Amino acid sequence: RGSACPDTSVRSLNRLSTTAMEACGCVITSQDERKVVERCGKFEDVLDAGFSCVLPCLCQFVKGAISTRIQMLEINADTKTKDNVFVGIKVAVQYQVNGDSQSIQDAMYKLTNPRAQIESYVLDVVRSSVPKIDLDNVFLEKEEIAASIKEMLGETMGRFGYSILATPVTDIEPNMEVKRAMNEINKAKRLRQAAVDEGEAIKIRSIKEAEAEAARTEIQAKADAEAKFMQGQGIARQRQAIVSGLRDSVNCFKADVAGVDSKQVMDLLLVTQYFDMMKDIGGNSRSNAVFMNHSPGALQDLTQAIQGGFMSSLPAAPSFAQVQR
């Protein structure tokens, strides 16, 4: 209270001083207003900013002051959309009195409450245009709504000396339940799109993995084929070397031992290789077992085959004993 009283006192003193000066015929007009002078109750003149004189003795008096500042009026309009959803629309109207004498005269004498007049026109435009639009399109067409309000107000309020500078739609507020439903719809749409994108990513990844596997299989197949080819060449060379070695061995044996043909030498070499193979199998820790037919008859046949092959390989000479049965 202590801080408000000095301001109130200052304003009261200013009004008293202004009234006293106007009673004396001296009028001071601020830069942001215009004052209307009447003579015998009839409009006489508009006083611009600065010092002016009136003649009270000639029945000239100051009727009142009109502000020339840009003023703003916020209006909340509740209406219904085309799809029967109630929404609250907030419109901010920025208006100003024109500076010419005729506009100030019209603003002073033709309107009692310009703010109520503007609000009524805004409500009329909003409630006549929004019911033609669906809720989703209200957010998209708010510029058209603002343009319609400005056009209507500009035409109407212009007759009373006012200019409508802007009428932006600053807020569109649906019912809370409707807003929650819209958020759920948007959420479901985004989740569906995310699922589609994830599926597309999995599809692309699967295709790329399949292509990589196919390329890897192709490279492996080529490598295996090349390895088999090289292995075949190695085996062929190995067998060729074995054949050459056997041929040389047979020729050398025939040259040193008389009376032995090539078949007998080959049988002797085969029996020797067989026993060498058995020795290698027995000496290898990883292959210490030989699988063969375990029946007694099969063992006897194997023994007779080895003995027959060994004995048939020996050269016929008096020093060798012959087994007679």
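Note that residues are indexed from 1 along each chain, following the sequence as it is written. With the structure being a predicted model, the display of local features is reserved for residues of pLDDT at least 70 and the display and counting of side-chain atom pairs for 80 or more, all residues being used for whole-chain, interface and lining totals. The basis for the side-chain values is all heavy atoms of the structure; hydrogens and waters are excluded.

Secondary structure elements follow DSSP: runs of H or I of four or more residues count as helices, runs of E of two or more count as strands, with numbering from the N terminus. Along the backbone of the protein chain there are eight helices and nine strands. The contact criterion used throughout is that any non-hydrogen atoms of two residues lie within 4.5 Å. When contacts within the protein chain are restricted to residue pairs at least 6 apart in sequence, those whose partners lie at least 24 apart make up 63%. When the accessible surface of the protein chain is totalled, it reaches about 22,600 Å², and 56% of it is carbon and sulfur. Using a 1.4 Å probe, accessible areas were evaluated by the Shrake-Rupley method; residue-level cover was limited to the displayed protein chains.

Now for the pairing of strand 7 (residues 86–97). Relative to strand 7, strand 6 (residues 71–80) runs antiparallel, the two being bridged by ten bridges. In the strand pairing of strand 7, M72 is matched with Q94. Strands qualify as paired when DSSP identifies two bridges or more between them. In this antiparallel pair of consecutive strands, strand 6 and strand 7, the connection spans five residues, and N84 shows a positive phi of 60°. Bridge analysis of strand 7 against strand 9 (residues 169–174) gives five bridges, and the strand direction is antiparallel. Across the sheet, the residue bridging to V91 is V169, located in strand 9. Bridge analysis of strand 7 against strand 8 (residues 162–166) gives four bridges, and the strand direction is antiparallel. Note that in strand 8 the partner of Q94 across the bridge is A166.

Let us now look at the packing of helix 3 (residues 114–129) against helix 5 (residues 142–157). Axis angles are defined between N-to-C directions and span 0 to 180 degrees, where every axis is a line fitted to C-alpha atoms and, for a helix, only to the segment in contact. Direction vectors running N to C along helix 3 and helix 5 enclose 140°, while the axes themselves pass 10 Å from each other. It follows from the interaxial angle that helix 3 and helix 5 lie oblique. Judged by the sense of rotation from one axis to the other, the crossing of helix 3 with helix 5 is right-handed. Together, P114, Q117, I118, Y121, V122, V125, V126 and S129 of helix 3 and I145, S148, I149, M152, L153, T156 and M157 of helix 5 make up the contact between the two elements. Side-chain classes follow a simple rule in which Ala, Val, Leu, Ile, Met, Phe, Trp, Tyr, Cys and Pro form the nonpolar group, Asp, Glu, Lys and Arg form the charged group, and the remainder, Gly included, forms the polar group. For the contact of helix 3 with helix 5, a count of residues per class yields eleven nonpolar, four polar and no charged. Angular relationships are summarised with four words: roughly parallel below 35 degrees, roughly antiparallel beyond 145, roughly perpendicular across 65 to 115, and oblique for the angles in between. Here is the rule for handedness: rotate from the far helix to the near one, and if that takes an anticlockwise turn smaller than a right angle the crossing is left-handed, while a clockwise turn gives right-handed.

Buried Ala, Val, Leu, Ile, Met, Phe, Trp, Tyr and Cys residues that are joined via side-chain atoms within 4.5 Å together make up what is termed a nonpolar core. Residue exposure (1.4 Å probe, protein chains only): buried if accessible area is under 20% of the type maximum, exposed if over 50%, otherwise partly exposed. Membership of the largest hydrophobic core comes to 36 residues, with the highest contact counts inside it found for V93, I118 and V122. For this core, the secondary-structure elements that each account for two or more residues are strand 6, strand 7, helix 2 (101–109), helix 3, helix 4 (135–140), helix 5, strand 8 and strand 9. Looking at this core element by element, the count peaks at six residues for strand 7. Discounting chain neighbours no more than four positions away, the residues touching I118 are L73, I75, V93, Y95, L153 and M157.

Attention shifts here to unusual backbone geometry. Its identity as a non-glycine residue notwithstanding, C40 has a phi of 55°, on the positive side. Looking at the secondary structure, you find C40 in the loop between strand 2 (33–39) and strand 3 (42–47). Although it is not a glycine, N84 adopts a positive phi angle of roughly 60°. Residue position: N84 is located in the loop between strand 6 and strand 7.

Residues of helix 2 that are buried: S103, I104, D106, A107 and M108. Contacts made by the buried residues of helix 2 are with strand 2, strand 3, strand 5 (60–67), strand 7 and strand 8.

Turning our attention to the side chain of S129. Counting through the fold element by element, S129 comes out in helix 3. On the accessibility criterion, S129 (18% relative accessible area) is buried. Within 3.5 Å is the distance limit for a polar contact, defined as a pair of N or O atoms, with the added protein rule that one can donate a hydrogen and the other accept it, and that residues adjacent in sequence qualify only through two side-chain atoms. Here the side chain of S129 touches V125 through a polar contact of 2.8 Å, landing on its backbone oxygen.

Here the focus is the side chain of T29. Mapped onto the elements, T29 comes out in strand 1 (residues 26–29). A polar contact of 3.4 Å, which involves the side chain of T29, links it to the backbone oxygen of D48. Each residue touching T29, except ones within four places of it in the same chain, is listed here: R34, K35, L47, D48, A49 and G50.

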